[in-house]
Amino acid sequence: MTEPKKLFVKTYGCQMNVYDSQRMQDVLAPLGYQSVDSAEGADMVILNTCHIREKAAEKVFSDLGRVRKHKEAKEASGGDKMIVAVAGCVAQAEGAELMRREPMVDMVFGPQTYHRLPEMVARANRAIGRNRIIDTDFPAEEKFDHLPAQVSNQGYSAFLAIQEGCDKFCTFCVVPYTRGAEYSRPAMDVIGEARQLVAHGTRELTLLGQNVNAYHGEAPNGGEWSLGRLLRELAEIDGLDRIRYTTSHPRDVDDDLIAAHRDLKKLMPFLHLPVQAGSDRVLQAMNRKHDNADYRDIAKRLKDACPDLALSSDFIVGFPGESDKDFEDTMDIVRDITFIQAFSFKYSPRPGTPASAMELQVPEKVKTERIMRLQALLAEQQLEFNRNSVGREMDVLLERRGKYEGQLVGKSPYMQPVHVSGLPETALGQIVRLKITEALPNSLGGELVDATNNGQKSERNVA
Ligand code: SAH
Ligand code: SF4
Ligand code: F3S
């Protein structure tokens, strides 16, 4: 038997990149590649990159410096060569530049071409000469049709990409350029992949898309299904207990989706719905296609349909032209809606996007002041929600061992990590009802409600 080849994949950026990295491993497994957790001595290293903000992109170049050392050490010690590949959104946006700046990079490919990896690897491994490969096409064939039909075990909580790309063109964002046009996978493909994951032991599924609720996949009998319709079908899968989706866009929250939140117990009452900013002037300059009132209305309709529902969001501060008054509108919408979790960023001008050429860029110092105020408010809201969880009972999907002996860690319906002690490891993968006894800024502690249950019984009717 030939030795397995060592593959090291490092993932940056969003959950879609996490999904893509897993699929790259599925594509390379038949070629004998097995994943390892360090670049040292690896036969192939893939950096699956993110271009969303300047800092994210810069990190790739510093990591490449470290990979270069491992490559040189391996080859100096007489080992086989190490293939160094850059994948993902930096590869898509700056592939040619990357090849020029980093002569040791063998391969550059974008998010839409990784199904071609076997052919790229064969070319890179050719004995004679050195073949550097760059593939940043948006191919006519659909990648999902060429990926292996089998997905590997992804654990109790898994990602499933159902939609990719974006046609919204927010003026700050690189995603429409790096991921390409919006595409929805056929509903039957999604259901097939979900069933496979559940057969491997997955109990919680997070459906992914850059604009996941713009989903309009081919229906089994012709026509198209919305996300709301697809969710109803997925909720029928036995053994699948929790469903989530991300990232959604306020513009695409339709009645079907709101009704799904009303009707489906398995659909978790926690939704990431980025608003970005509170000022109508800024939202318009961002080309968000919704205003402050639209967002408030959608949040209200969702909470009316599902009273337990809590929201999280993304924010950008210091978008070009954002005045003090505009920023106060962001603070106001946060105060009024309340978010139990959030990501907030200083605006980062990205090459090729309309906002990067706008006048009135906001000085760094002002961005810093604003983000500190916003983050303080958001942290307060998160802690408040966590504190109010104390005394509540929550169903928790136990996912891994904790830091301390005898401790397990799971996830609440609201994505809070919950620690519990005294349960056997056989309880991993179970959903147990815990009474929350302790709240920290980023996690909770709990105790089993029904001690006779002891985590052995599977709790199916989750909140
Ligand atoms: N598809 C998602 C967002 C993907 S990017 C959506 O439409 O909401 C994730 C987050 O990064 C965005 O929500 C935004 O808050 C932030 N972001 C994107 N481009 C940015 C930029 N140029 N500067 C700062 N933050 C940015
Ligand atoms: Fe980017 Fe806007 Fe598309 Fe989200 S909706 S991916 S922020 S362009
Ligand atoms: Fe980053 Fe690309 Fe995701 S730019 S956020 S990895 S879509």
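What counts and what doesn't
Residues numbered from 1 in each chain as written. Chains lettered and ligands numbered in written order. Predicted model: local features only at pLDDT ≥ 70, side-chain atom pairs only at ≥ 80, totals over all residues. Heavy atoms only, no water. UniProt positions renumbered as here; feature names shortened; annotations may be inferred. Near = heavy atom within 4 Å. Nonpolar A, V, L, I, M, F, W, Y, C, P; charged D, E, K, R; others polar. Helix = DSSP H or I, 4+ residues; strand = E, 2+ residues; numbered from the N terminus. Buried < 20%, exposed > 50% of the residue type's maximum accessible area, 1.4 Å probe, protein only. Pairing = 2+ DSSP bridges. Right-handed = clockwise from strand over helix to strand, strands pointing away. Expected span 1.5 Å × (residues − 1). Arc of directions from axis to C-beta. Contact = heavy atoms within 4.5 Å. Polar contact = N/O pair within 3.5 Å; in protein donor to acceptor, adjacent residues only side chain to side chain. Domains from an automatic or database assignment.

For the chain, the name recorded in an unreviewed UniProt entry is tRNA-2-methylthio-N(6)-dimethylallyladenosine synthase, with Thalassospira profundimaris as its organism. What the UniProt record of the chain gives under Subcellular location (unreviewed entry) is the line "Cytoplasm". UniProt's Subunit (unreviewed entry) comment on the chain is quoted here verbatim: "Monomer."

A word on the site of ligand 2. Near ligand 2 you find Cys166, Lys168, Phe169, Cys170, Phe172, Cys173, Val175, Pro176, Asn211, His249 and Arg288, and these make up its full shell. Of the residues assigned to the shell around ligand 2, the class counts are seven nonpolar, two polar and two charged.

Along the chain, threonine 246 connects to threonine 247 via a cis peptide bond; the corresponding omega equals 0°. Assignment of secondary structure puts threonine 247 in the loop between strand 13 (242-246) and helix 9 (255-263). Phi angles above zero are rare outside glycine, and lysine 289 is one such case at about 65°. Topologically, lysine 289 is positioned in the loop between helix 10 (280-285) and helix 11 (292-305). Judged by its relative accessible area of 35%, lysine 289 falls in the partly exposed class.

For strand 15 (residues 310-317), the tally of buried residues reaches eight of eight residues, placing the bulk of the element in the interior. Burial of strand 15 is two-sided: the residues Ala310, Ser312, Asp314 and Ile316 facing one way and the residues Leu311, Ser313, Phe315 and Val317 facing the other way are all buried. Strand direction decides the pairing type here: strand 15 and strand 16 (residues 341-346), joined by six bridges, are parallel. When the sheet's bridge partners are listed, aspartate 314 is paired in strand 16 with phenylalanine 343. Tracing the backbone out of strand 15, into helix 12 (residues 324-337) and back to the parallel element strand 16 gives a crossover that is right-handed.

Our next topic: helix 11. Taking 1.5 Å of rise per residue, the 14 residues of helix 11 would be expected to cover 20 Å, and the 20 Å separating its terminal C-alpha atoms lies within 8% of that figure. Among all positions of helix 11, only Asn292, Tyr295, Ile298, Ala299, Leu302 and Ala305 are buried. Down the axis of helix 11, the sector holding all buried residues measures 165°, keeping them to one side. Facing away from the buried side of helix 11 by more than 90 degrees, the exposed set consists of Lys300 and Asp304. Packing partners of the buried residues in helix 11 comprise helix 9, strand 14 (270-272), helix 10, strand 15 and helix 12. Two or three places before alanine 293, at the opening of helix 11, aspartate 291 has a side-chain oxygen 3.2 Å from that residue's backbone nitrogen.

Turning our eyes to something else, we now look at the side chain of threonine 49. The topology assignment puts threonine 49 in strand 3 (residues 44-49). Assessed through its relative accessible area of 0%, threonine 49 is described here as buried. Separated by 2.6 Å, the side chain of threonine 49 and the backbone oxygen of alanine 87 make a polar contact. A polar side-chain atom of threonine 49 sits 3.0 Å from the main-chain amide nitrogen of valine 90. Not counting residues up to four positions away in its chain, the partners in contact with threonine 49 are Tyr12, Asn17, Val60, Val86, Ala87, Gly88, Cys89, Val90 and Ala91.

Moving on: the domain arrangement of the chain. Here the domain parsing of the chain yields domain 1 (5-137), domain 2 (142-388) and domain 3 (390-448). Centre-to-centre separation of domain 1 and domain 3, based on C-alpha positions: 37 Å.

What follows is about the site of ligand 3. Every residue lining ligand 3 is accounted for by Cys14, Asn17, Thr49, Cys50, His51, Ile52, Cys89, Val175, Arg179 and Gln210. Classifying every residue of the shell around ligand 3 by side-chain character gives five nonpolar, four polar and one charged. A domain split of the shell around ligand 3 shows at least three residues from each of domain 1 (5-137) and domain 2 (142-388).

Moving on: the UniProt feature "binding site: [4Fe-4S] cluster 2" (unreviewed entry) in the chain. The feature "binding site: [4Fe-4S] cluster 2" (unreviewed entry), as annotated in UniProt, sits at Cys166, Cys170 and Cys173 in this numbering. Along the chain, cysteine 170 turns up in the loop between strand 8 (163-164) and helix 6 (175-179). Leaving out residues up to four positions away in the same chain, cysteine 170 has contacts with Met286, Asn287 and Arg288. Tracing the backbone through its elements, the reader meets cysteine 173 in the loop between strand 8 and helix 6. Look past the residues within four positions of cysteine 173 in its chain and what remains in contact with it is Ile52 and Thr353.

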